[in-house]
Amino acid sequence: GGHKDGATAGAMLAPLMNGWPGRNSFPCGGRLMVGPNFLHCLGTLMMMLTPALVFLATVCPLVALHAGGTAAYAIGAACVVLLMLASSLLLRASTMDPGVIARREPCLVTASSASGEGGEREVQAVQRGSRGVVVNGHIVSLKYCATCNIYRPPRASHCKTCDNCVDRFDHHCPWLGTCVGRRNYSAFVGFILTTTLMDSFVMGTSLFVLHLEGAGGLMGMSIFLGAQRHPDVAGLAVFACLWLVFLLLLSGLHLVLLSSNVTTNEQMKGVWRDRDNIYDHGFLSNVYLALLSPIPESVLSPGARVALDIEGGFGAGVGGEGSAGATHEHRMLSVLPRV
């Protein structure tokens, strides 16, 4: 009751997941936050798991045949370690808050209207005007988000897919199924780098095994002969090669961007094309800020509660039949501390 004031009087408190205005979901009791395309993440996981299993089933036995069981176990273990590392980084990046900025609802319910006395709604809208902050000695104008009713911090942007403003918005990743922002960018970069390493390992080992199976003659001819004997390994090598081209381009792009502290969003919009990047602190500092700096605390928490404006009665807001549709009939007033 201590959290209720004039803004939330007469409104009900409900778990965050029941009143979140964006398109995210909150599995595991609100401990995780996933985007609206989480199935894409599971598809990415399957695309990593399938070739790894094929590698263990087809390539490792051939390694044992040519180099002994110890070498086969070592190569298999290396593949499993890389797979587990890449998978954990994928799941971490796709299930954590990317840096969502809490929105401010323009309409707050009054005590009289919430109690059914027919009172008018009290409107509290952020006044739009010219606002700015000083960043590294430069004045940066703050952009107003009409959806979230806030002035966004510098480099933040509103993701239309997730329907949230995200701090240091990089892009909405189709492989993760969620946004990449300040809080999960390091996990995202770690994911693409470890996936590139795993794919290179699978392709290189597969090609070398085909070379050995082709009687060890000239590299090109022996690989061709080995592919005729083991089309399954050859197919795995081709699959890995095609993905490696894409992964190398993606990894190279993000290494170049983070080395100069530029986001994908800024690069696509050409923000720094004709002027100096005021966020560039030098290569080492940029790498540290992007990958090694402490992750800011999330504005969300598993025990967070939201104050909901009740328009259809208490039962229409949380749980029960029709709650999915009724959620859109409520307006989140504010995110309150854990109670």
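The coordinates are above.
Residues numbered from 1 in each chain as written. Predicted model: local features only at pLDDT ≥ 70, side-chain atom pairs only at ≥ 80, totals over all residues. Heavy atoms only, no water.

Helix and strand counts for the protein come out as ten helices and 13 strands. Across the protein, every contact between residues at least 6 apart in sequence was considered, and the portion connecting residues at least 24 apart equals 64%. A total accessible area of about 17,200 Å² is found for the protein, and carbon and sulfur atoms account for 63% of it. (Helix = DSSP H or I, 4+ residues; strand = E, 2+ residues; numbered from the N terminus. Contact = heavy atoms within 4.5 Å. Areas by Shrake-Rupley, 256 points an atom, 1.4 Å probe, with all protein chains shown as cover.)

Next up on the list: a nonpolar patch on the surface. There is a patch of nonpolar side chains on the surface, built from Met46, Leu49, Leu53, Leu56, Val80 and Met84 and spanning about 500 Å² of accessible area. Where the nonpolar patch is concerned, the elements lending two or more residues are helix H2 (38-67) and helix H3 (69-95). The element best represented in the nonpolar patch is H2, accounting for four residues. With respect to the element layout, Leu53 can be found in helix H2. On the accessibility criterion, Leu53 (47% relative accessible area) is partly exposed. (Patch = residues over 30% accessible without salt bridge, like charges linked within 9 Å, V, L, I, M, F, W, Y side chains within 5 Å. Salt bridge = Lys/Arg side-chain N within 4 Å of Asp/Glu carboxyl O. Buried < 20%, exposed > 50% of the residue type's maximum accessible area, 1.4 Å probe, protein only.)

Applying the stated rule across the entire model yields eight aromatic pairs. With centroids separated by 5.9 Å and ring planes inclined at 55°, the aromatic side chains of Phe55 and Phe201 adopt a geometry described as tilted. In this pair, Phe55 is assigned in helix H2 and Phe201 in helix H5 (residues 185-213), connecting sequence segments 146 residues apart. Aromatic pair Tyr185 and Phe188: ring centres 6.4 Å apart, planes at 40°, arrangement tilted. Note that Tyr185 and Phe188 are positioned in helix H5 at a spacing of three residues, about one turn of the helix. (Phe/Tyr/Trp six-rings, centres within 6.5 Å; stacked < 30°, edge-to-face > 60°.)

This part covers the side chain of His171. For His171, the location among the structural elements is in strand E10 (residues 171-173). A distance of 2.6 Å separates polar atoms of two side chains, one belonging to His171 and the other to Asp170. Non-local contacts of His171, meaning those with residues more than four positions away in its chain, are made with Thr178, Cys179, Val180, Phe188, His254 and Thr264. (Polar contact = N/O pair within 3.5 Å; in protein donor to acceptor, adjacent residues only side chain to side chain.)

With that out of the way, let us pick up H2. Between the first and last C-alpha of H2 there are 42 Å, a value that for 30 residues agrees with the 44 Å anticipated at 1.5 Å per step. When H2 is considered as a whole, its buried residues turn out to be Cys41, Thr44, Met48, Pro51, Ala52, Phe55, Thr58, Val59, Cys60, Leu62 and Val63. Two residues or fewer after H2 comes Gly68, characterised by a positive phi angle close to 100°. (Expected span 1.5 Å × (residues − 1).)

We now examine the pattern of salt bridges. Side chains bearing opposite charge may pair, as long as their charged atoms lie close to each other. A complete count under the given rule lists four salt bridges for this structure. Its salt-bridge partner being Glu266, residue Arg155 comes within 2.8 Å of it at the nearest N-O pair. You can see Arg155 sitting in the loop between strand E7 (150-151) and strand E8 (157-159) and its partner Glu266 sitting in helix H8 (residues 264-269), a full 111 residues away along the chain. Here Arg155 and Glu266 have matching classes, each one buried. The closest approach of N and O atoms between Asp167 and Arg182, which form a salt bridge, is 2.6 Å. With Asp167 in the loop between strand E9 (164-166) and E10 and Arg182 in the loop between strand E11 (178-180) and H5, the pair connects residues that are 15 residues apart, well separated along the chain. Of the residues examined, Arg182 reaches a relative accessible area of 36% and is grouped as partly exposed.

Attention shifts here to the pairing of strand E4 (residues 132-135). The sheet contact formed by E4 and strand E5 (residues 138-141) spans four bridges and is antiparallel. The residue bridging Val134 from the neighbouring strand is Ile139, located in E5. The antiparallel hairpin formed by E4 and E5 contains two residues in its connecting segment, where Asn136 sits at a positive phi of about 50°. (Pairing = 2+ DSSP bridges.)

Moving on, we come to the state of the cysteines. For the structure shown, the criterion picks out zero disulfides. In this structure Cys159 is not part of a disulfide, and its nearest cysteine sulfur, from Cys179, lies 3.2 Å away. (Disulfide = S-S within 2.5 Å.)

Grouped together as the largest cluster of nonpolar side chains are 39 residues, with contacts concentrated most on Met48, Phe55, Val59, Leu176, Tyr185, Phe188 and Phe191. For this core, the elements supplying multiple residues, two or more each, are H2, H3, H5, helix H7 (231-259) and helix H9 (283-292). For this core, the element with the most residues is H5, which contributes eleven residues. Counting seven residues, the second-largest nonpolar core is a separate cluster that includes Val135, Leu257, Val262 and Trp272. (Core = buried A, V, L, I, M, F, W, Y, C linked by side-chain atoms within 4.5 Å.)

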